[in-house]
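# Overview (structure and organization)
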Amino acid sequence: MLILLDVCTRQQSYLRSCSGGGIGAIGVSHQKDYLVVAEKGLKPILLVYKYPSLQAYRILRDGTELAFSSVNFNSDASLLASLGSEPDYMLTVWNWKKEEVMLRCKAISQEVYRVTFSPYNPGLLTSSGSGHIKFWKMASTFTGLKLEGLIGHFGKTAATDIEGYIELPDGKVLSGSNWGNLLLWDGNAIKVELCRKGGHYCHAGVVQPFALEDGQLMTFGSDGMIRGWDFETIDAADSSSENSKFELEPMNEMAVGRYVRLFSMVKSVQADSTVWHAQDSNGAIWKVDLSFTYSTPDPVCLFSFHAGPINGLDVSKKSHLMATTASDRSVRIFDFLSKTELTCSWFTQGGTALHWAPPSVTHAGNLLVTGFEDGVVRLLELFDPKGLQVVTRLKVEAQLRLKQAFKPHNAPVTTVAYEHNGTVLATGSSDCTVFFFSVGDKYEPIGFVSVPGPVQVLEWSPHAHNEKSLLILCLSGHVVEVPCPDPETHQTAKSFQLLDMPRRTFRFKSIKSQIRRDEEIARRHALKEQRMKERQEKELLEEEEEEEEEELPRIYIPDPPSPLYWGFFSKPGQFWISMGGYDSGFLYHCKFSENQDENSEKCHVEPFDFLPIHNADSDPIRSVTFSSNRQLMLCGMHSGSIRAYPLDPDDHVLKSMQAYWELSIHDSNYGHLRHICCSHDDQFVLTAGDDGNIFSFTLLSHEELLKGLQRKKAKVPSPRIGLENEELAMDIDDPTAYSIETAKQKLEKDRQRQEADKKILAKRKMLAALQSKFKILLDDNLNLPQHIQLTPMELLLDQRFEEQAEREKTRRLDEVQYQMSWREEHSHLSLKKLQDWFSDSTERNIVTVFAIRTDHSVSTYHIPSLSTTRLQEENSSNKCGVDETPVVESQATVEQHEKDSSETDEEEAPPTSATRAVVQITDRQVERLQKAAAKAEQARAKIAKRKEEWDKLYAEKPHKDCEDPRDVQAIFEAQESIGDLKLKTDKNFTVPKHLRMSADRKKVEMINLEDNIREKQTEMNTQIVALRDFKLLLLSKLGSQARQLQRVQSCLPSQLHRRPPPLPTIRCEEVPEKSQRCTRAILERYRALKEKRSKHDELEDQESGMSVVDELEIEEMEKSETISDLSAEETTGEQGELREEDLHDMDKDTLLEMQDSLLEQMKTLVDQFDKDHMMCLEKVQMLDWKLKLANLRQLTLYQELLLLKEVDKSENVSQDKLDKRLKEQDELLSELERCRKALELKRKDIAKRQEKEKSNTAAFHALLGDDNNFEEYLTKVYKKKIKRTKKKEEGSDEEDEDSNDDFDDYENWDDDDDDDWDGLDGEGAVEECPAGCDQKLFDDILELRERRLDLEELLAEEKKNAEHLEKDCDALIKKMKSVKISLKAAEDDLEQVNREKQQKMNQLDVVVPLRLHQIEIDITGQVPSDLSPALVLTRMELQRLQERVNELEVEKHQQTEVYRQARQQHIRLIKERKEMNNEIETLEKLCHQLMMTRFGREVDMEVLQTLCANKSVAEMKQERILREIAIAKDIQQWDRKVQKSREALIAMTRSNSERLLCLNSLFEQKKELEMKLYARQKKIGKHLQACSRRADKDQIWSLQELVRKQAEQIEKLSKEVSELGPTGGHMLSAAHAHLPPLPRQPTPIVHKLSRKRGILIPGIKEEDTSESETDD
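Residues numbered from 1 in each chain as written. Predicted model: local features only at pLDDT ≥ 70, side-chain atom pairs only at ≥ 80, totals over all residues. Heavy atoms only, no water.

So, on to the overall build of the chain. For the chain, the count of helices and strands is 25 helices and 56 strands. The burial tally for the chain puts 34% of its 1672 residues in the buried class. Counted over contacts in the chain with a minimum sequence separation of 6, partners at least 24 positions apart contribute 58%. Just so you have it, the chain exposes about 108,000 Å², and 52% of that area is on carbon and sulfur atoms. (Helix = DSSP H or I, 4+ residues; strand = E, 2+ residues; numbered from the N terminus. Buried < 20%, exposed > 50% of the residue type's maximum accessible area, 1.4 Å probe, protein only. Contact = heavy atoms within 4.5 Å. Areas by Shrake-Rupley, 256 points an atom, 1.4 Å probe, with all protein chains shown as cover.)

Below you can see the structure in the form of structure tokens.
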């Protein structure tokens, strides 16, 4: 609908769309006398109206496919440009007054916003859109006017959407951009980018230039600013070499308003006016004065509307008031009786739902409930401010006041609903929750329930139902029914969620496909019955065959499910719903299932009834409302139309929903009608759509409406008493504020946190008391004598200060180590190399770690190094891998085909009978020829490109019997991976190729297993060594704690000493690497001990070596411990002494406490180590178990390896045999392919020879020409058989035989020609040119005969070669069959070898350790005595196999469904192919008709397009012109001669006519004489009568002779005239030649003769008369 808004009177007039699909664009002529409306829909039209009468003037059709995006008149309104939107984007230039299309062209393949004519050049247009601008020119070509477009190139500038532009007088174009700068276009390139000083943008956001006035170029932007720029500066702007931008400042600027986003501007129609009207995309129209003077008024907002879709609409139940809300954050109140807006309130978030409270809540009808995007619900109170006791300055008719605000949701509120009694309010949100509130002066929360999907509609049960319940309809297709909650029964101490509320759930299941299927079945059944009746009537039931029925439509369930749009109660437990998407087109009657359980939300339930909606398959019902008496059902459709269905008041199952009235009012694309309602008196219907429009309709006629209404304005509720004294309610402005439930949870957490803080505070108070007590103890310690005072070390409670100093020292040490890291690493590597060089042992040291309190120990694993054999095998395998890399054999290239026809290809063209003189053509003709040649070359290139594309397309076209490569690949993979489903112990088990095992593979498997074992052992050794290191660290800590314990006990009496635990020691097995350390000091000590022990006896001397080493090791261990103790003491240093002094100052209780603490710490450390040791021991034991299994697996693999080595010999023989057969097969395939390609080339050559033979024959017929007198003789000469001598090659007997055969073929020609012309038979016949025949023509025919004979010989040779190739192909095919048989035999042999190998491997025993509780017999449940026939499976494997059975059933069902769908698709494709073939035939017939109409015969359009002017043809045309001029001169001379002959003929004809007149007069006289003679004969006797008759006959004969002579003279004259006439002219024969008209004579006889060709003479019969006429 087009709305015409009168700015002065603020009145609106409407212009509806004719098609009902909406309006895409409008345009006004520059003279303001015509208005064009571009509509939307299928094949939309352009309507041109006269303005201001708004009478339809012209209708323009077939401008685009779906919608127009822009229209524009040229400066004189003679032309109209229209621009279509998706999908065709068609630019059309109309001669709209004649309703004709002048030019048409596709603009571009993306969104286009605007098209305009140039105001300065009528032949130029400009269009712009998404990421482009295009410049058009109406160019005049030799075929007429055409649209030529140049796309604008952005170059280095970033591409942008161009919404606005303006053309400058010199042809440049200034356009806007998305970032706010202006772009100056010169040609189709950007000349310069305009910005403000300092590189600032011209506007903030999108900018559009719109006018050029008074030397200023005006622009507006989405920032709400209007700026004027100096036009001369812009026109002369040019970019510098350094920067592509040109900087300038605006001359004038104006800020329209805050939060204004200007979209378009239109100038006032008043003359010399500076007033403009600006459109704000936020829903306003502004009046702006652009005079830029000191007296310029500020911009004025004339109108304000909603911006964007209307999200909420409701009407008052007491008055003709309407409330709306939208995403523009406003709530507006309208008086739809007076068509005025009463008030508007703005909020921080956009409104999403609105409901007017019913009279049961407030009798005054002044309360609105509004939901917003942030989940806030606001109660707004409407009142008339005139009723307040306080005088207000604002002169408004209504005002909204916030009564209460609360936030029940964390997502947009989608719907609100009051219970019919007005006691409970329910709010729904897209966060899948419904919140309940108790209604009162202040709304209190009751609780909320969670639903399966976003809430779409809330519907309370009507009064007729016994129980009050709420129907919750979710967008996901779920419907939930919950009873009305009771505020007193639900406990909401910790949360508002109502978990114990009963509910019933329904989930929609699509039945639309089943409905369509049932309809198709019924249709087919009815059609079948009709056919049966017809057959029975015709008695042809047995003779006709049954037709194969097409497959029924499949059952389809949409995924994701269709959205649910609306619903309402019908009966208790039953409801109607309207679905969108695939399931649209029906109203579904549903009910809740009786069995409600936990899975009811997941189970789909089908509706038990449905009601089809007419023309609603793609246009679902979005909203429904009923009149108060329920006699009218109003539906808002997805397409923006309204439907009104008359109903019976008690018809809850909608049986009376049949006829309807429909009105399209909202936009068909984005004007979805989501809100529709009736006024309180059912006299008005109000609608609001997503297009932002609000419409009101009257259900009564205008006269009835005026009678029923008592006032012309709606009544606004009066304010409550004392309202002006009440404080404003607290609003929720923060969108991140907590919801009611979140705040509840937050309060609960805060309460718990407060309780925890109280406990923490109590602990802190207790610690403070202890601190004060400790200070008192310190003071008491200082007052004691010095020797009994506790030392500071003993009084130390916090060691963090020491730890901080230790960290500082560690940091400095790290720095030194980092500086010395390179030298350290260098030294370490040097030492390691020496140790590796001098190390004789290849085995690593075994580390054994002992527990402290138990005898448990754990040792590292012995990991032997890789053997040399293993290394050699790896190296050899790598070499073999390199050597055995497959060599790609080069494919045999196809031999080059010898083209024997090269000689004939190079021969000259057939001779012509005459030569023509060379004629020079003019320069202008040469230029025309060049242009025509260029155009033909372009057409030829285009045709070649199209042919290449077609060839590529046909190359990609699969063969008729071709299968889908994906299916082939899937089948191949399935065949390769499916394997044999039999057990491996079966004799017929076939081992899949990818599972076949060889000795090499088995070696790799063994190596991998060994590497895995080594990896696990190494990992465990690392953990054990880490445990050993931890023990060493533990010993140092225990030693320091033991020394501290000694100092503490030294200050205590002995009776108070507690026995410390024994300190653990490090054994030699735990640090075996120390035994390898050898220094000079150790060697000196070893020598000393050796000498000391040498004094003993010989026996001890023999054992001294070992004992000396042991003693040396013990000394080294003690020395290391002593050094560690000394280092620990040194680290404590002075602190130890100080601590002793402090210990003496401490009291006994403190010392006892320190003693207990140290002992407890030592015990804890020891227990922790033993625990870690036990965990490591368990890991080692588990790893030992796994390693045992791995060793058993190694043994099995080794046995299999030995077996495979034995079998590999026979397998290799079979494999070599198979490879040989495969290679032979590949060679045969390549040879066969080469042979087939050669055969194909031979066939092409044969076709070429045959074509040349035809062309030779055509040349012969061209030489003969038409009406050749010697055609028969020359044809015999051309077709004569002559014996030709062939060149023999040495040793080519076969060729001699072939030549003889060919000669025999020549002799076996048809004998008809020989019989007809005997003079040419025989070998010695002499051929001579007959007399009168052109000798050159005869010689050319002889030359053509020689060419024909050569071609026939070459053709015979090519056919012979082709036959040989066909024989070779047949031989190769036979050989291929034998090779395939041998290949199959080789494969069977190899398969047999593999089976034998598998059977031998099955005989090997495999150890599987099992416990009795792990053995379960799945069949009987009891363990049999013999387990040999049992199959060992893990429980997981058994479960997987059982699950696999179900999976296979599902896959089988899926594959069946896929097959069914593919079959349906196949049938559909066959039908479509038939339809396409029929369409192709129709188009071919149409093309044939057009060609016959245009050309008179079928022509090749490609040849016609590629025809270019040939120079020789042009010369021949020039020669033709000259000859025509000469012939014209000759014709003129002959015309003069003919004229003279005609004049002579006329004279002769006149003399002849005079003689005929004389003859005629003689005939008359004769007749009179005969009459007289006849009278006299009656008197004379019979003898006289006989004499007279004889005399009459003689006279008649003489007269006939005279007439015959005259006829001969006339015939001779006619021949002379015909010979003297123009050549090729048509002359009438003498019998049909018309004589020239004779001059008028006074006698009537002459007049009579002028109308007749002959006369009747008495006494002559009619046959004679006809003959005389012919002679005349």
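Back to the text.
A cluster of nonpolar side chains, Val1406, Val1408, Leu1410 and Val1432, forms an exposed patch at the surface whose accessible area comes to about 370 Å². With respect to the helices, strands and loops of the structure, Val1408 is situated in the loop between helix H19 (1335-1402) and helix H20 (1435-1494). (Patch = residues over 30% accessible without salt bridge, like charges linked within 9 Å, V, L, I, M, F, W, Y side chains within 5 Å. Salt bridge = Lys/Arg side-chain N within 4 Å of Asp/Glu carboxyl O.)

In this section: the packing of aromatic side chains. All told, the structure shown has 30 aromatic pairs when counted by the stated rule. With centroids separated by 6.4 Å and ring planes inclined at 25°, the aromatic side chains of Phe406 and Tyr443 adopt a geometry described as stacked. Within this pair, whereas Phe406 is found in strand E35 (residues 399-406), its partner Tyr443 is found in the loop between strand E38 (433-438) and strand E39 (444-450), the two being separated by 37 residues in sequence. By relative accessible area, which is 6% here, Phe406 ends up buried. In this structure Tyr443 comes out as buried when scored by relative accessible area, which is 2%. Lying over the aromatic face of Phe372, Arg378 brings its terminal NZ or CZ to 4.5 Å of the ring centre. For Arg1067, the ring lying beneath its charged end belongs to Phe850, and the centroid distance is 4.0 Å. (Phe/Tyr/Trp six-rings, centres within 6.5 Å; stacked < 30°, edge-to-face > 60°. Lys NZ or Arg CZ within 6 Å of the ring centre and 35° of its normal.)

This part takes up a negative patch on the surface. On the surface, a cluster of negative charge is made up of Asp1266, Asp1267, Glu1271 and Glu1272. Judged by relative accessible area, which is 76%, Asp1267 ranks as exposed. (Lys, Arg positive; Asp, Glu negative; His and termini not counted. Charge placed at Lys NZ, Arg CZ, Asp CG, Glu CD.)

Let us now look at the environment of Pro462. Its place among the elements puts Pro462 in the loop between strand E40 (455-460) and strand E41 (469-474). The spatial distance from the C-alpha of Pro462 to the C-alpha of Phe569 is 7.8 Å, given a sequence separation of 107 residues. Non-local contacts of Pro462, meaning those with residues more than four positions away in its chain, are made with His420 and Phe569.

Here we come to the pairing of strand E33 (residues 367-372). Burial within E33 is extensive, with 6 of its 6 residues counted as buried. Burial along E33 is two-sided: the face carrying Leu367, Val369 and Gly371 and the face carrying Leu368, Thr370 and Phe372 are both buried. As judged from the 5 bridges shared by strand E32 (residues 351-356) and E33, these two strands associate in the antiparallel manner. Each bridged residue has a counterpart across the sheet, and for Leu354 the counterpart in E33 is Thr370. Strand direction decides the pairing type here: E33 and strand E34 (residues 377-383), joined by 5 bridges, are antiparallel. Looking at E34, one finds that Thr370 is bridged to Arg378. Between E33 and E34, which pair antiparallel and follow one another directly, the connecting turn spans 4 residues, one of which, Gly375, has a positive phi of 90°. (Pairing = 2+ DSSP bridges.)

Following both chains from N to C, one finds helix H12 (residues 999-1050) and helix H15 (residues 1148-1264) inclined at 170°, their axes separated by 9 Å at the closest point. Of the possible angle classes, the one that applies to H12 and H15 is roughly antiparallel. Considering only the axes of H12 and H15, their crossing is left-handed. Its residues assigned to classes, the contact of H12 with H15 shows 30 nonpolar, 10 polar and 13 charged. (Axes fitted to C-alpha atoms, helices over the stretch in contact; angles between N-to-C directions. Parallel < 35°, antiparallel > 145°, perpendicular 65-115°, else oblique. Left-handed = near helix turned anticlockwise from the far one by under 90°. Nonpolar A, V, L, I, M, F, W, Y, C, P; charged D, E, K, R; others polar.)

The amide bond that connects Glu86 to the next residue, Pro87, takes the cis arrangement and shows omega of 10°. Tracing the sequence through the fold places Pro87 in the loop between strand E8 (80-84) and strand E9 (90-95). Asp559 connects to Pro560 through a cis peptide bond whose omega is 5°. Of note, Pro560 is situated in the loop between helix H2 (512-538) and strand E44 (564-571). You will see that Cys432, though not glycine, has its phi angle at about 65°, which is positive. Tracing the backbone shows Cys432 in the loop between strand E37 (424-429) and E38. Overall, the relative accessible area of 22% leaves Cys432 in the partly exposed class.

A few words on the nonpolar core. Counting residues in each nonpolar core, the largest one holds 23 residues, and the members touching the most others are Val849, Val858, Tyr861, Ile1024 and Val1180. Those elements that provide at least two residues to this core are H12 and H15. Broken down by element, the residue count for this core peaks at 10 residues, all from H15. Apart from residues lying up to four places away in sequence, Tyr861 is in contact with Gln1017, Met1020, Asn1021, Val1180, Leu1183, Asp1184 and Leu1187. Counting 20 residues, the second largest nonpolar core, distinct from the first, contains Val331, Phe347, Leu368 and Val716. (Core = buried A, V, L, I, M, F, W, Y, C linked by side-chain atoms within 4.5 Å.)

The next thing to look at is the environment of Ser239. Of note, Ser239 is situated in the loop between helix H1 (231-235) and strand E22 (245-247). Ser239 sits in the partly exposed class, given a relative accessible area of 28%. With 46 residues separating them in the primary sequence, Ser239 and Glu193 have C-alpha atoms 7.7 Å apart. Sequence-distant contacts of Ser239, that is, excluding residues within four places in its chain, are made with Lys191, Val192 and Ser244.

For the chain, the average pLDDT comes to 80, and 82% of its residues sit at 70 or higher. Overall, residues 1622-1672 carries pLDDT values under 50, and its contacts beyond four positions in sequence, including any with other chains, amount to 31 contacts. (pLDDT = per-residue confidence, 0-100.)

Within the open sheet, the 5 strands sit side by side as E15-E16-E17-E18-E22. Their pairing is mixed. Both outer strands of the open sheet, strand E15 (165-167) and E22, are each paired with one neighbouring strand and no more. Adjacent strand axes in the sheet meet at a mean angle of 25°, parallel and antiparallel pairs treated alike. Note that strand E16 (residues 173-175) and strand E17 (residues 182-186) share 3 bridges and pair antiparallel.

Turning our eyes to something else, we now look at the pattern of salt bridges. The full count for this structure, using the stated rule, is 56 salt bridges. Here Glu726 ties to Arg720 by a salt bridge, and the two come within 3.0 Å at their closest N and O atoms. When its relative accessible area of 36% is taken as the criterion, Glu726 is described as partly exposed. Of the charged contacts, one joins Arg1444 and Glu1447 as a salt bridge, the two residues approaching to 3.2 Å between their closest N and O atoms. With Arg1444 and Glu1447 both in helix H20, this residue pair falls 3 residues apart, about one helical turn. What makes Glu1447 partly exposed here is its relative accessible area of 37%. When salt bridges that share partners are traced, they join Lys512, Arg516, Glu519 and Asp617 into one network.

Moving on to the side chain of Thr362. You can see Thr362 is positioned in the loop between E32 and E33. Here Thr362 falls in the buried class, since its relative accessible area comes to 15%. Ignoring anything within four residues of it in the chain, the contact list for Thr362 reads Ala357 and Leu367.

Time to look at the environment of Ala743. Here Ala743 lies in helix H4 (residues 740-783). For Ala743, a relative accessible area of 25% gives the class partly exposed.

Before going further, it helps to spend a moment on the packing of helix H16 (residues 1271-1279) against H19. The geometry of H16 relative to H19 is characterised by a closest axis approach of 8 Å and an angle of 30° between their N-to-C directions. Classed by the angle they form, the pair H16 and H19 counts as roughly parallel. Of the two elements, H16 crosses H19, and the hand of that crossing is right-handed. Across from Tyr1273, Leu1274, Val1277, Tyr1278 and Lys1279 in H16, the residues of H19 making contact are Leu1337, Phe1338, Ile1341, Leu1342, Leu1344, Arg1345 and Arg1348. A per-class count over the contact of H16 with H19 returns 9 nonpolar, no polar and 3 charged.

On to the pairing of strand E4 (residues 34-39). Extensive coverage of E4 is indicated by the burial of 6 of its 6 residues. Neither face of E4 is left uncovered, since the one carrying Tyr34, Val36 and Ala38 and the one carrying Leu35, Val37 and Glu39 both have all their residues buried. Across 5 bridges, strand E3 (residues 23-28) lies against E4 in antiparallel orientation. Bridge pairing in E4 links Val28 to Leu35. Between E3 and the antiparallel strand that follows it, E4, lie 5 residues; Lys32 among them carries a positive phi value of about 60°.

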